[in-house]
Amino acid sequence: MHTNRRAAAFFIAACLLLFLALEACAAPWPTDYAGMRTKAIHFAGRLVCLVDSASAYVILIFIAIGGVKYLMADDPSEAMMARKMVFDGVVGGFLVLLFVAVAEAVEVPMYC
């Protein structure tokens, strides 16, 4: 019985791969990628805009929570973790600024 299940699974997988190969061969391949490139650039612009607008709040929350945890820490390890959280917020802010600057340098259109 166990061998029949394995054979049935193999048969189904082979049929699906054959169907996928036939479907890929039947569809005409695009010769011009300009439309897809434009869509990708616009998607990247929207993504940069989203990251730029939402990152300030996330960074502020990281710094505020890390600062409160640092002030309330009783143990040196807790204080170290809180300092790391504040440091991660600051470094994340610089990385977001760098990400937006690179996007503007390569002229990605941002639709905010």
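For the structure itself, consult the block above.
Counting of residues starts from 1 at the beginning of each chain's written sequence and follows it residue by residue. Owing to the predicted nature of the model, reporting of local features is limited to residues with pLDDT of at least 70; listing and counting of side-chain atom pairs is limited to 80 or more, with chain, interface and lining totals taken over all residues. Water and hydrogen atoms play no part in the side-chain values, which are based on all heavy atoms of the structure.

Trainee: Describe the overall build of the chain, and please don't skip the residues or the numbers.
Mentor: In terms of regular secondary structure, the chain is built from three helices and zero strands. Counting from the N terminus, the helices are the DSSP runs of H or I reaching at least four residues and the strands are the DSSP runs of E reaching at least two. Taken from the N to the C terminus, the helices and strands of the chain come in the order α-α-α. Long-range pairs, those at least 24 residues apart, make up 61% of the contacts in the chain with a sequence separation of at least 6. A total accessible area of about 9300 Å² is found for the chain, and carbon and sulfur atoms account for 74% of it. We call two residues in contact whenever any of their non-hydrogen atoms come within 4.5 Å of each other. With residues, only the protein chains shown are counted as cover, and all accessible areas are computed by Shrake-Rupley using a 1.4 Å probe.

Trainee: Could you give an account of the nonpolar core, naming the residues involved and the relevant values?
Mentor: Nonpolar side chains tend to gather and get buried jointly when the protein is soluble and globular. To form a nonpolar core, buried Ala, Val, Leu, Ile, Met, Phe, Trp, Tyr and Cys residues must be joined to one another through side-chain atoms within 4.5 Å. For the exposure calls, accessible area comes from a 1.4 Å probe over protein chains only, and a residue counts as buried if that area is under 20% of its type's maximum, exposed if over 50%, partly exposed in between. By size, the foremost hydrophobic cluster in this structure holds five residues: Val-48, Val-96, Val-100, Ala-103 and Val-108. Sort the elements by how many residues they give to this core and helix H3 (residues 76-105) lands first, with three residues.

Trainee: Account for H3, naming residues and giving values.
Mentor: When the terminal C-alpha atoms of H3 are compared, their 43 Å separation across 30 residues agrees well with the 44 Å that a helix rising 1.5 Å per residue should span. Contact partners of the buried residues in H3: helix H2 (34-72). Just beyond H3, the residue with positive phi is Glu-107, at close to 60°. For a helix, the expected span equals 1.5 Å multiplied by the number of residues minus one.

Trainee: Provide a residue-level description of the pattern of salt bridges, including the pertinent values.
Mentor: Salt-bridge detection follows one rule: a side-chain nitrogen of Lys or Arg within 4 Å of a carboxyl oxygen of Asp or Glu. Taken as a whole and judged by the stated rule, the model has one salt bridge. The salt bridge involving Lys-84 is made with Asp-88; its shortest N-O contact spans 3.2 Å. Residue Lys-84 and its partner Asp-88 are both found in helix H3; the two are separated by four residues, about one turn of the helix. Relative accessible area serves as the criterion here: at 35%, Asp-88 is assigned to the partly exposed category.

Trainee: Describe unusual backbone geometry, and please don't skip the residues or the numbers.
Mentor: Residues other than glycine seldom take positive phi values, yet Glu-107 does so here, at roughly 60°. Mapped onto the elements, Glu-107 comes out in the segment after H3.

Trainee: Lay out H2 with the relevant residues and their values.
Mentor: Under the 1.5 Å per step criterion, the end-to-end length of H2 is 56 Å for 39 residues, consistent within 8% with the ideal 57 Å. Note on bend: the value at a residue is the angle between axes fitted to the seven residues ending there and to the seven starting there. If you look at H2, its biggest bend is around 35°, right at Ser-55. Among the residues of H2, those classed as buried are Gly-45, Val-48, Cys-49, Ser-55, Ile-59 and Gly-66. Structurally, H2 contributes buried residues whose contacts are with H3.

Trainee: Provide a residue-level description of the packing of H2 against H3, including the pertinent values.
Mentor: Running from N to C, H2 and H3 point in directions that differ by 165°, and their axes come no closer than 8 Å. On the basis of the axis angle, H2 is roughly antiparallel to H3. Our pair here, H2 against H3, has a crossing hand that is left-handed. For the contact of H2 with H3, the per-class residue count stands at 16 nonpolar, six polar and three charged. Lines fitted to the C-alpha atoms define the axes, with helices restricted to the stretch that makes contact. Angles between their N-to-C directions range from 0 to 180 degrees. Any angle from 65 to 115 degrees is called roughly perpendicular, while one under 35 is roughly parallel, one over 145 is roughly antiparallel, and all others are oblique. By the definition used in this description, the sense in which the near helix is turned from the far one sets the handedness, with an anticlockwise turn below a right angle giving left-handed and a clockwise turn giving right-handed. Polar here means any residue outside two lists: the nonpolar Ala, Val, Leu, Ile, Met, Phe, Trp, Tyr, Cys and Pro, and the charged Asp, Glu, Lys and Arg; Gly therefore counts as polar.

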